[in-house]
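Secondary and tertiary structure notes
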Amino acid sequence: MIIEPRMRGFICLTSHPVGCEKNVLNQIEYTRKKGIIDGPKKVLVIGASTGFGLSSRITSAFGANAATIGVFFEKPPSSGKTASPGWYNSAAFQKEAANAGIYAKSINGDAFSDAIKKKTIDLIKQDLGKIDLVIYSLASPVKTNPKTGITHRSVLKPIGQTFSNKTVDFHTGIVSDVTIEPCSEEDIANTVEVMGGDDWKLWIQALIDADVLADQAMTLAYSYIGPQVTKAIYREGTIGKAKDHLEATAFEIQDLLKPLEGSAFISVNKALVTQASSAIPVIPLYISLLYKTMKEKDLHEGCIEQINRLFRERLYIKDEIPLDTKGRIRIDDWEMREDVQNEITKLWKLADTSTLPEIGDLNGYKSDFLNLFGFGFDGVDYNEDVNENIDINGLV
Ligand code: NAD
Ligand code: NA
C-alpha cells in the first residue's frame, strides 16, 4: 500500500517500512565510517527497537561486531495496518546483521514480565553463553509489576506547586502558555514504579542468578537532567523522581556485580525528539531552541552520534571512565555547555509564535518527528506501493 503519515496529537498512527529501514541504514553507515571499536562482544539491549536503545544496538553490532539480543515491545503489522516503527526498525536491523554475518536475535514482549526475562535468559544460554554488556533503555508509560500484578501508570507533573510556562504545538508552531497542576503522592510512587530502577535491578539479578553474565560485565541505563526552564516539570517533577531512583539503583547494581568485578553506570544523555519527549509539555519548545543553538555551534547530535560518542569516548577507552561528582557518565556535556544554555535562556524570553520560526529550529523538530515513523527521508519514494507485512527474521 501507499503509506502516508497520519498524525493524531503527539503520535503518528502509521509508519513507513522503507523509511524505517533507511533510518537504520543511515545509522549503520554513520557507525561504520567511524571505524572499529574495541568494545563489547555479546550484548543484551532492553528497549532495542527505537531511540537510544536502537542506536546502542547498532553501535554494538556495526561498531564493535558484537552479537546482540534485542528486547522490545512493538506492534506487528495487521489487517491493512502498518506495524509500529520499532518493528520495522528491528526487521531492518536483523536483515543487515544477517548480511554482515553478525549474530542478532530479537524478542518482542513485555520486558517487565518474568516470562520475557526467562525467555531472554534461555536464549543467552542456548546461543551466547555469557553477556558482557547490558543496556537498559526502556521508556514506557505503563508497567504491570510482575510480583503484585498491579498495573502502574507514570505521569508528567510538577511536585508541590503549579507549573506555568511556554510551550509549542510543533505541528502548528503556535506558542502558548501551559499550566500543570501538581501531582499527588500516588503519582510519584507510580512514576517511580514505571520509570525507576526496580526493573533494571530485577533483570541484573535474574542474569546473575542464571550465571549468564561474564566477568567484568558492564550494565548501563540512560538518564536526563536538562535546563532550568524544564526543571519543575522534568528533573524536579514526577519523572525526575524516577530518574533519581534509577540513578540510585546503579549503586545497588554495582554492589550486586562485585563478585564478577562488573560495573553499573548511568549515562546522562542529551534531549532528543522521541515519541516520549514530544508528549512532555515545554520540552518541544526547549528542544527547538536547543537544536537551533547547537546546530549553529556545530554541536548538534542525534541518538546515533550520542551513542557512538558514549562507546568511543567514554565506555571503551584506555583510561578510567570519566564520571561527574554523582558518579554519572555525561554525554549531555555539549547540551549543558554554559554558552549553549546562556543562549537558550536569552532565546526563551523572546520565543513566541511570530519569533519561533526565526529563533528556533521548528523544521528540524518536525523532520526528526516524522523520521521517527520512517517519513521524510531522502532517497525513499513515498508514492511507491510498499509491502507493510514485513517479518522480523531472527525473532525468537
Ligand atoms: P524510546 O521510546 O525511543 O524507546 C523505548 C524502547 O523501550 C523501545 O524499544 C520500546 O519497544 C521499548 N519498550 C517500551 N516498553 C516496553 C516493555 N514493556 N517491554 C519491552 N520493551 C519496551 O525511548 P528513548 O527516548 O530512547 O528512551 C530510552 C531511555 O533514554 C529512557 O530511560 C529515557 O528516559 C532516556 N533518555 C531519553 C532522552 C530523550 O530526550 N529522548 C534523553 C535522555 C535520556
Ligand atoms: Na530506546
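Conventions and cut-offs
- Residues numbered from 1 in each chain as written.
- Chains lettered and ligands numbered in written order.
- Predicted model: local features only at pLDDT ≥ 70, side-chain atom pairs only at ≥ 80, totals over all residues.
- Heavy atoms only, no water.
- Helix = DSSP H or I, 4+ residues; strand = E, 2+ residues; numbered from the N terminus.
- Rg over C-alpha atoms; globule rule 2.2 N^0.38 Å.
- Buried < 20%, exposed > 50% of the residue type's maximum accessible area, 1.4 Å probe, protein only.
- Contact = heavy atoms within 4.5 Å.
- Near = heavy atom within 4 Å.
- Polar contact = N/O pair within 3.5 Å; in protein donor to acceptor, adjacent residues only side chain to side chain.
- Areas by Shrake-Rupley, 256 points an atom, 1.4 Å probe, with all protein chains shown as cover.
- Nonpolar A, V, L, I, M, F, W, Y, C, P; charged D, E, K, R; others polar.
- Phe/Tyr/Trp six-rings, centres within 6.5 Å; stacked < 30°, edge-to-face > 60°.
- Pairing = 2+ DSSP bridges.
- Axes fitted to C-alpha atoms, helices over the stretch in contact; angles between N-to-C directions.
- Patch = residues over 30% accessible without salt bridge, like charges linked within 9 Å, V, L, I, M, F, W, Y side chains within 5 Å.
- Salt bridge = Lys/Arg side-chain N within 4 Å of Asp/Glu carboxyl O.
- Donors = N, O, S within 2.8 Å, 3.2 Å for Na, K, Ca; no water.
- UniProt positions renumbered as here; feature names shortened; annotations may be inferred.
- Lys, Arg positive; Asp, Glu negative; His and termini not counted.
- Charge placed at Lys NZ, Arg CZ, Asp CG, Glu CD.
- Parallel < 35°, antiparallel > 145°, perpendicular 65-115°, else oblique.
- Left-handed = near helix turned anticlockwise from the far one by under 90°.
- pLDDT = per-residue confidence, 0-100.

Looking only at helices and strands, one finds 13 helices and 13 strands in the protein. For 396 residues, the compact-globule estimate of 2.2 N^0.38 gives 21 Å, and the protein sits close to it at 20 Å. When the backbone C-alpha atoms are referred to their principal axes, the protein occupies close to 60 × 50 × 45 Å. Evaluated residue by residue, the protein yields a buried proportion of 55% over its 396 residues. Of all intrachain contacts in the protein linking residues separated by at least 6 positions in sequence, the fraction that spans at least 24 positions is 77%.

So, on to the site of ligand 1. Taken together, 26 residues surround ligand 1, and among them Ser49, Thr50, Glu74, Ala111 and Lys243 come closest. Between ligand 1 and the protein, one listed contact pairs an oxygen atom with a side-chain N or O atom of Ser49 at 2.6 Å. Within the backbone of Phe73, one N or O atom sits 3.1 Å away from an oxygen atom of ligand 1. Protein chains shield 91% of the accessible area of ligand 1, which is 840 Å² for the free molecule. Every element with two or more residues in the shell around ligand 1 is listed here: α2 (51-64) and β11 (213-223). Looking at the shell around ligand 1 residue by residue, the classes come out as twelve nonpolar, ten polar and four charged.

This part takes up the packing of aromatic side chains. For the structure on display, the rule yields nine aromatic pairs. Ring plane angle 90° and centroid distance 5.1 Å describe the contact between Tyr224 and Tyr234, whose orientation is recorded as edge-to-face. Of this pair, Tyr224 sits in the loop between β11 and α7 (238-256) while Tyr234 is found in the loop between β11 and α7, placing the two residues ten residues apart along the sequence. Neither residue differs from the other here; Tyr224 and Tyr234 are each classed as buried.

Moving on: the side chain of Glu247. Here Glu247 is to be found in helix α7. Side chain to side chain, Glu247 and Ser223 meet in a polar contact 2.7 Å long. Filtering out sequence-adjacent residues up to four positions away, Glu247 remains in contact with Ser223, Arg235, Ile266 and Arg328.

Strand order in the open sheet formed by seven strands is β5-β4-β3-β6-β11-β12-β13, and the pairing between neighbours is parallel. The two strands at the open ends of the sheet, each matched to only one other strand, are β5 (104-108) and β13 (329-330). Of the strand pairs in this sheet, strand β4 (residues 67-72) and β5 are connected by five bridges, and their pairing is parallel. From the neighbouring strand, Ile69 faces β5, where its bridge partner is Lys105. Across the sheet, helix α6 (residues 198-209) touches β3 (42-46), β4, β6 (131-136), β11 and β12 (263-268), and the angle it forms with β11 is around 170°. Against the sheet, helix α10 (residues 303-315) touches β6, β11, β12 and β13, its axis set at about 130° to β11.

A contiguous nonpolar surface patch, about 240 Å² in accessible area, is contributed by Phe10, Ile11 and Leu13. Tracing the chain through its elements places Leu13 in the loop between β2 (11-12) and α1 (17-33).

Take the coordination of the sodium ion (ligand 2) next. When four donors bind a metal tetrahedrally, each ideal donor-metal-donor angle is 109.5 degrees, and when six bind octahedrally, the ideal angles are 90 or 180 degrees. Around the sodium ion (ligand 2), the protein contributes the donor atoms Gly47 (O), Thr50 (O), Gly53 (N), Ser137 (O) and Ser137 (OG), which lie 2.8 to 3.1 Å from the metal centre. Sequence positions of the donors to the sodium ion (ligand 2) reduce to the motif G-x2-T-x2-G-x83-S. Linking Thr50 in the loop between β3 and α2 with Ser137 in the loop between β6 and β7 (142-144), this pair joins segments that are 87 residues apart in sequence.

Our focus in this paragraph is the UniProt feature "domain: Enoyl reductase FAD binding" (unreviewed entry) in the protein. UniProt's entry tags residues 323-386 with the feature "domain: Enoyl reductase FAD binding" (unreviewed entry), counted in the numbering of this structure. Taken end to end, residues 323-386 comprises 44% helix and 3% strand; its first and last C-alpha atoms sit 47 Å apart.

A few words now on α10. The buried fraction of α10 amounts to ten of the 13 residues, a majority that puts the element mostly inside the structure. Among the residues of α10, Cys303, Ile304, Gln306, Ile307, Asn308, Arg309, Leu310, Phe311, Arg314 and Leu315 are the ones counted as buried. Lining the buried residues of α10 we find α1, α2, β6, β11, β12 and β13.

Residues Arg6, Arg8, Lys75 and Lys81 make up a contiguous surface patch of positive charge. Inspection of the secondary structure assignment puts Arg6 in the segment before β1 (7-8).

Attention now goes to the packing of α2 against α10. Put simply, α2 and α10 touch, their axes get as near as 9 Å, and they point 55° apart. Taken as axis vectors, α2 and α10 run oblique relative to one another. Crossing hand, α2 versus α10: right-handed. Contacts from Gly51, Phe52, Ser55, Ser56, Ile58, Thr59, Ser60 and Gly63 of α2 reach α10 at Cys303, Ile304, Gln306, Ile307, Asn308, Phe311 and Arg312. Along the lines of polarity and charge, the residues of the contact of α2 with α10 split into six nonpolar, eight polar and one charged.

Once that is clear, we can look at the confidence of the model for the protein. Of all residues in the protein, 100% have pLDDT values of 70 or greater, and the mean over the chain is 96. Across the protein, β3 holds the top mean pLDDT of 99, while helix α8 (residues 275-278) sits lowest at 83. Under the prediction, the complex receives an ipTM of 0.98, its pTM being 0.98.

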